[in-house]
Amino acid sequence: MPGTSSDTLGYTRLMSSAPEDGLEDESGLKAPATTHSLRSRMLVSVLMTLLAIYAAAAFHLSVLSDSPLLFRPREIEARLRMALPSPNLDKGRDIMDKKNYKSPWMLFPGSMTRVNAAEPDMIYYSGASVVLSPTDSMIYHWRLNSTWPMCYITAWVSAAEDLIAAHKSYSSEGNVTAIEIWNLTSPDDSKTLKSMSWNTRPARVSLLGTVNFTSVKTQRGVEDLIGQELRAPTPRFGCLGDTKITVEVACTACRLEFDQIFSTPALGFELMQLG
Ligand SMILES: *[C@@H]1O[C@H](CO)[C@@H](O)[C@H](O)[C@H]1NC(C)=O
Ligand SMILES: *[C@@H]1O[C@H](CO)[C@@H](O)[C@H](O)[C@H]1NC(C)=O
Ligand SMILES: *[C@@H]1O[C@H](CO)[C@@H](O)[C@H](O)[C@H]1NC(C)=O
Ligand SMILES: *[C@@H]1O[C@H](CO)[C@@H](O)[C@H](O)[C@H]1NC(C)=O
């Protein structure tokens, strides 16, 4: 089953981050880099399955004979309720928070919108489709309320076997090892980032750094890249408290296309929070 290796990082919903001006999809989508919650989620689904089998067997017995049900439906329901996954996950997270465990958290973008210099008045809408080329950039926006001081932006490409198993893929041409991340001015109303043309995109402020769109697993095997999150050219910035960040992802020497979807294993440009 994919999702058990530490190279696989998915997203889960975290309740405690800042919702933004009525944009529900920006209410904070995060995942711990540990396998802890994945394991507990798997354990919960095993429990759910066992309960479901038990409930089905009880129902079956009652159909076969006139004997009273082993559990009345309400009792089964009550038992199922105990096994709902989120309270257990929340408890796990509370323990992580209390014990002050530090691991990077991955935050799914609030918006991802294409802009195209070749068609400067064409308006694109925020969605999963990511297109980069010498004329196409993507404008990404995140809003977060972090208790951790440092964040960075990364390209997260899960291991090939995990992507294949999840029917995720990307197509690339050229050099994808130095994709540029530019800081942009964040507009007061982030909704304006949900539909944009090249001519209406926010202005560039400065180059924050570059990211390497290759398998995280392969990068882990390259000694020079160990700890790369903490040094240039990784785009890093302080993100304590209520923070808005809008960036342009640009690639002058590549073509890259994929869908960035809110599911495990992760594939795309991500904001990571460092402890
Ligand atoms: C950010 O979080 C802090 C502490 O959790 C809270 O006091 C503050 O109101 C939050 N800010 C926003 C904008 O949600
Ligand atoms: C990719 O581009 C970067 C930045 O221009 C450069 O440093 C690197 O050598 C290039 N890699 C390849 C394989 O061409
Ligand atoms: C990006 O630019 C804005 C506007 O100048 C600035 O307020 C913000 O601190 C910059 N962010 C980073 C991460 O450099
Ligand atoms: C990008 O990652 C590959 C491994 O996937 C590595 O060989 C290469 O040196 C990295 N390039 C940069 C610029 O970090």
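Definitions and limits used
Residue positions are counted from 1 within each chain, in the order its sequence is given. Whichever chain is written first becomes A and whichever ligand is written first becomes 1, with later ones labelled in order. Local features in this predicted model are restricted to residues of pLDDT 70 or higher, and side-chain atom pairs are both shown and tallied only at a pLDDT of 80 or more, whereas totals for entire chains, interfaces and linings draw on every residue. Only DSSP runs of H or I covering at least 4 residues are called helices, and only runs of E covering at least 2 are called strands; the numbering of each starts at the N terminus. Only strands joined by at least two bridges in the DSSP assignment are considered to pair. Note on geometry: axes are C-alpha line fits, over the in-contact stretch for helices, and angles between N-to-C directions span 0 to 180 degrees. Each nonpolar core reported here comprises buried Ala, Val, Leu, Ile, Met, Phe, Trp, Tyr and Cys residues connected via C-beta atoms within 7 Å. Exposed residues have 12 or fewer other C-beta atoms within 10 Å of their own C-beta, buried residues have 20 or more, and partly exposed residues fall in between, where C-beta atoms are placed from the backbone. Any residue pair is listed as a contact if its two C-beta atoms, each placed from the backbone, are within 7 Å.

Per an unreviewed UniProt entry, the protein goes by the name Ubiquitin 3 binding protein But2 C-terminal domain-containing protein and belongs to Mycena pura.

Student: I keep staring at unusual backbone geometry and nothing clicks. Help me out?
Tutor: Glycine aside, residues mostly have negative phi, and peptide bonds are mostly found in the trans state. The linkage connecting Ala232 with the following residue, Pro233, adopts the cis geometry, with an omega of 5°. Mapped onto the fold, Pro233 is located in the loop between α5 (216–220) and β13 (236–238). Residues other than glycine seldom take positive phi values, yet His167 does so here, at roughly 55°. Considering the arrangement of structural elements, one finds His167 in the loop between α4 (160–165) and β9 (170–174).

Student: What is the right way to read the sheet that holds strand β10 (residues 179–184) from this model?
Tutor: Strand pairing in a sheet is mediated by backbone hydrogen bonds. Such pairs are either parallel or antiparallel. Sheet architecture is open: five strands sit in the order β4-β7-β14-β10-β12, paired in antiparallel fashion. Unpaired on one side and paired on the other, β4 (111–116) and β12 (204–211) mark the two borders of the sheet. The average undirected angle you get between the axes of adjacent strands in this sheet is 30°. Of the strand pairs in this sheet, β4 and strand β7 (residues 136–146) are connected by six bridges, and their pairing is antiparallel. Directly across from Thr113, in β7, lies its bridge partner Ile139.

Student: Before we go on, may I ask you to explain the nonpolar core in this structure?
Tutor: As a rule of thumb, nonpolar side chains are buried together in soluble globular proteins. Judged by nonpolar contacts, the single largest core of 46 residues is most densely connected at Tyr140, Val247 and Val249. Broken down by element, this core gets its largest block of residues, six residues, from strand β8 (residues 150–157). Setting aside residues up to four positions removed in sequence, Tyr140 forms contacts with Pro109, Met112, Val247, Val249 and Phe269.

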